[in-house]
Amino acid sequence: MKVWVMQGSYEGELFSSVHLTQKGCALACISDILEFHGVEDDETALAVMNSCYTYTETDGEQTEAIEWDQEKLKEMTSEQLWKIFSEWCEISWDRMADRGYNLDCNTVEIQA
């Protein structure tokens, strides 16, 4: 049986969770990175995006936030969710390294 494992660390503390579906793991990963940034609405999502290194070298500020709303995320496919997770990770790289935060997902095969 295949399961998906979210694993990470923050300030030296390890954490993990096991998910029966890929979608459940993707949702958990997005939720965790949003919590790391304190994103709760469009305003905070845009503030995080516009303060990150990736966007400081572009012309002007971002006006559309990467999706953060859990209700909207639940309606998406696993593929869409991984793309959103990847976007959040890309803009978070510097902050993640500075604060000792790491997050990843792997599949594991459970055998009887």
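Here the structure is a predicted model, which means the values were calculated and not measured.

(A) Looking closely at the environment of Asp32. Tracing the chain through its elements places Asp32 in helix H1 (residues 22-37). Taking the C-alpha atoms as reference points, Asp32 and Gly8, 24 residues apart in sequence, are found 9.6 Å from one another. Here Asp32 is in contact with Met6, Phe15, Tyr101 and Leu103, once residues within four sequence places are set aside.

(B) Broad picture of unusual backbone geometry. A positive phi is found at Glu11, a non-glycine position, where the angle reads about 50°. Checked against the element boundaries, Glu11 lands in the loop between strand S1 (2-10) and strand S2 (13-19). A relative accessible area of 59% means that Glu11 is categorised as exposed.

(C) Structural detail: the side chain of His19. With respect to the element layout, His19 can be found in strand S2. Those residues in contact with His19 that sit more than four places away from it in its chain are Val3, Trp4, Met6, Gly24, Cys25 and Ala28.

(D) The arrangement of the sheet that holds strand S3 (residues 101-109) in detail. Read from one edge to the other, the open sheet built from 3 strands follows the order S2-S1-S3, with strand pairing classed as antiparallel. The open sheet terminates on both sides in strands that have one partner only, identified here as S2 and S3. Recorded for the sheet is a direction-independent mean angle of 20° between the axes of neighbouring strands. Note that S1 and S3 share 9 bridges and pair antiparallel. By the bridge assignment for S3, Tyr10 is matched with Tyr101.

(E) Structural context of helix H5 (residues 78-98). With 21 residues, H5 should cover 30 Å at 1.5 Å per step; its first-to-last C-alpha distance of 29 Å lies within 8% of that length. Of all the bends in H5, the greatest, near 65°, is centred on Ser92. Along H5, the residues that are buried comprise Ser78, Leu81, Ile84, Phe85, Trp88, Cys89, Ile91, Ser92 and Met96. Phi for Gly100, located one or two positions after H5, is positive at around 65°.

What counts as what
- Residues numbered from 1 in each chain as written.
- Predicted model: local features only at pLDDT ≥ 70, side-chain atom pairs only at ≥ 80, totals over all residues.
- Heavy atoms only, no water.
- Helix = DSSP H or I, 4+ residues; strand = E, 2+ residues; numbered from the N terminus.
- Contact = heavy atoms within 4.5 Å.
- Buried < 20%, exposed > 50% of the residue type's maximum accessible area, 1.4 Å probe, protein only.
- Pairing = 2+ DSSP bridges.
- Axes fitted to C-alpha atoms, helices over the stretch in contact; angles between N-to-C directions.
- Expected span 1.5 Å × (residues − 1).
- Bend = angle between axes of the 7 residues up to and from the residue.

Purely geometric numbers; function is a separate question.
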